[in-house]
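Remarks on the overall topology
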Amino acid sequence: MAQAYIDKLTRIYERYREYVTKNPAATAQLESTVRTLSYLIAGRFADSHELSELGKSTFIYLQKIVLKHSPPHSCVNVTFYFTVYSASNLLVLLNDSILRKGLSRTLPVSLTQQRLLTWLSVVEYVEVFLEMGANKLWGEGGRWLVIALIQIAKAILRMLLLFWYKSGIQTSPPITPLDRDTELGNADENPDDHQDDPAFVGQRSGRVMRPLGSAPSLHSRLWGAPSREKKRSSREDLHTSPTKLGTQETIAESLYIGRPLIHLLSLGLCGRKSWKPWIISGIVEVTSFALLSDTKSLNRWERAEMRRRAFLLLYYLLRSPFYDRYSQAKIICLLSFLANQIPGIGLVARPVMDYLPTWQKIYFYNWG
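As the structure is a computational prediction, the values presented were derived from the model and not from experiment.

Remarks on the overall build of the chain
A count of helices and strands for the chain gives 14 helices and 2 strands. Within the chain, the fraction of its 368 residues that count as buried is 35%. Contacts spanning at least 24 positions in sequence make up 75% of the contacts within the chain whose residues lie at least 6 apart. As presented, the chain carries roughly 22700 Å² of accessible surface, and 62% of it is formed by carbon and sulfur atoms.

This is the structure in structure tokens:
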């Protein structure tokens, strides 16, 4: 019986894999629709923050099963939620994996490292859902236990990647999404079509340029970079090895990986209303960023990660206790002013004001 179900699931997966490989554009549209749905749901229904994380039909189906096979007041009779946003990210991860295999664009790492990166990606995509589910099932104590376990798991995986596999600066998401416009758009091109194209890529700027003597006539000029070089550049980005880190950079990256655990430990020792966890976490993160400030030797993805980390330092304005005492009133006042004074801004500002308190209370949105 079990083997029959396994065979059926295998056939379904093979059909889906074949569909994704043959219809990448339709697949991308599906991913975009699912992700947009999570934004549209938020704030439109009761328990909207949880609803934006669920697949409603799955919830109804599973609830009927539980009600049918469980006593009326059984603890098993709980709300089942599938996060739409998490599902969209997992869908992209799955489809990218299928497309990479179809295009022979495998990641330039070992199979074991690929599995670690995949597990780390999955954990990051579902961590908010797990936190919210634990809070509903087991209360505040269960929520913090799940938060701690997730952060420990992430730190272990990242430390393995850093020290064992020498993966360099840890990017987010751990597996870089496939550049489908370039990879799929040029998949059927004949490489001989551009064999004599003398264009080159600047080593420092990354710009694709032609020598003046090889430029086409004015009426036939397309004013664009050669597609062959774009394709080659994309492949080089995919297969670029991580930058080797020295002792200082390794310490900095270790601090960044360990920062969530340091913050959780200080929260447990000092309490959530204390300023010490906020200050300690900020010092650790700024120190890590300062030690990694030299980005000249980093590749494109690593530089993008450093820009992302610099932007995330602004999150300290939204993190308690600073948010509760200083920035909350100013942010709400600013949003209210924009919503009331500028036509059309209220369509965005008012949902943000409604959603901000809940966002601020979710650990993995705020501190993750």
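Having put the structure on the table, let's press on.
So, the nonpolar core
Ranked by size, the top nonpolar core spans 15 residues in total, and within it Val128, Ile147, Ile150, Leu264, Tyr363, Phe364 and Trp367 carry the most contacts. Discounting residues that sit within four places of it in the chain, tryptophan 367 has contacts with Arg259, His263, Trp278, Ser281, Tyr316, Arg319 and Ser320. Membership of the second largest hydrophobic core comes to 9 residues, among which are Leu107, Tyr125, Leu161 and Ile175.

A short note on the environment of threonine 287
In this fold, threonine 287 is placed in helix α10 (residues 276–291). On the accessibility criterion, threonine 287 (33% relative accessible area) is partly exposed. Within the local environment of threonine 287, its side chain forms a polar contact with the backbone oxygen of isoleucine 283, the two atoms lying 2.6 Å apart.

Focus on helix α9 (residues 247–270)
Approximately 45 degrees is the largest bend angle found in α9, and it occurs at glycine 258, with the proline proline 260 only one to four residues beyond. Immediately downstream of α9, the backbone of glycine 271 shows phi near 95 degrees, a positive value.

A short note on the packing of α9 against α10
The geometry of α9 relative to α10 is characterised by a closest axis approach of 8 Å and an angle of 175 degrees between their N-to-C directions. One way to sum up the angle between α9 and α10 is to call them roughly antiparallel. Contacts between α9 and α10 involve Gln248, Ala252, Glu253, Leu255, Tyr256, Arg259, Ile262, His263, Ser266, Leu267 and Cys270 from the first element and Lys276, Pro277, Ile280, Ser281, Val284, Glu285, Thr287, Ser288 and Leu291 from the second. Of the residues belonging to the contact of α9 with α10, the class tally is 10 nonpolar, 6 polar and 4 charged.

Looking at the packing of helix α6 (residues 111–164) against α9
Where α6 meets α9, the closest approach of the two axes is 10 Å, and the angle between their N-to-C directions is 165 degrees. Considering the angle they form, α6 stands roughly antiparallel to α9. Here α6 and α9 pass one another in a crossing that is left-handed. Across from Trp144, Ile147, Ala148, Gln151, Ile152, Ala155, Arg158, Met159, Leu162 and Phe163 in α6, the residues of α9 making contact are Thr250, Glu253, Ser254, Ile257, Pro260, Leu261, Leu264 and Leu267. Taken together, the residues of the contact of α6 with α9 break down into 13 nonpolar, 3 polar and 2 charged.

Observations regarding helix α13 (residues 346–361)
An α-helix turns once every 3.6 residues. As a result, residues three or four positions apart point the same way. The end-to-end C-alpha distance of α13, which contains 16 residues, comes to 23 Å, matching closely the 22 Å that a straight helix rising 1.5 Å per residue would cover. Every buried residue of α13 is listed here: Gly346, Ala349, Met353, Leu356, Trp359 and Gln360. Elements in contact with the buried residues of α13: α12 (322–341) and α14 (363–366).

Side note on the packing of aromatic side chains
Inspection of every chain in the model, using the stated rule, returns 10 aromatic pairs. Judged by centre distance (5.6 Å) and plane angle (70 degrees), the ring pair of tyrosine 315 and tryptophan 359 falls under edge-to-face. Within this pair, whereas tyrosine 315 is found in the loop between α11 (300–312) and α12, its partner tryptophan 359 is found in helix α13, the two being separated by 44 residues in sequence. Here tryptophan 359 falls in the buried class, since its relative accessible area comes to 13%. Each residue in the set Trp275, Trp278, Tyr316, Phe322, Tyr326 and Trp367 is aromatic and connected to the rest through ring pairs, giving one cluster. When the ring centre of tryptophan 144 is taken as origin, the NZ or CZ atom of arginine 143, which lies over that ring, is 4.9 Å away. Geometry around tyrosine 316 places arginine 319 over its ring, the cationic atom sitting 4.5 Å from the centre.

Each value, and the rule that gives it
Residues numbered from 1 in each chain as written. Predicted model: local features only at pLDDT ≥ 70, side-chain atom pairs only at ≥ 80, totals over all residues. Heavy atoms only, no water. Helix = DSSP H or I, 4+ residues; strand = E, 2+ residues; numbered from the N terminus. Buried < 20%, exposed > 50% of the residue type's maximum accessible area, 1.4 Å probe, protein only. Contact = heavy atoms within 4.5 Å. Areas by Shrake-Rupley, 256 points an atom, 1.4 Å probe, with all protein chains shown as cover. Core = buried A, V, L, I, M, F, W, Y, C linked by side-chain atoms within 4.5 Å. Polar contact = N/O pair within 3.5 Å; in protein donor to acceptor, adjacent residues only side chain to side chain. Bend = angle between axes of the 7 residues up to and from the residue. Axes fitted to C-alpha atoms, helices over the stretch in contact; angles between N-to-C directions. Parallel < 35°, antiparallel > 145°, perpendicular 65-115°, else oblique. Nonpolar A, V, L, I, M, F, W, Y, C, P; charged D, E, K, R; others polar. Left-handed = near helix turned anticlockwise from the far one by under 90°. Expected span 1.5 Å × (residues − 1). Phe/Tyr/Trp six-rings, centres within 6.5 Å; stacked < 30°, edge-to-face > 60°. Lys NZ or Arg CZ within 6 Å of the ring centre and 35° of its normal.

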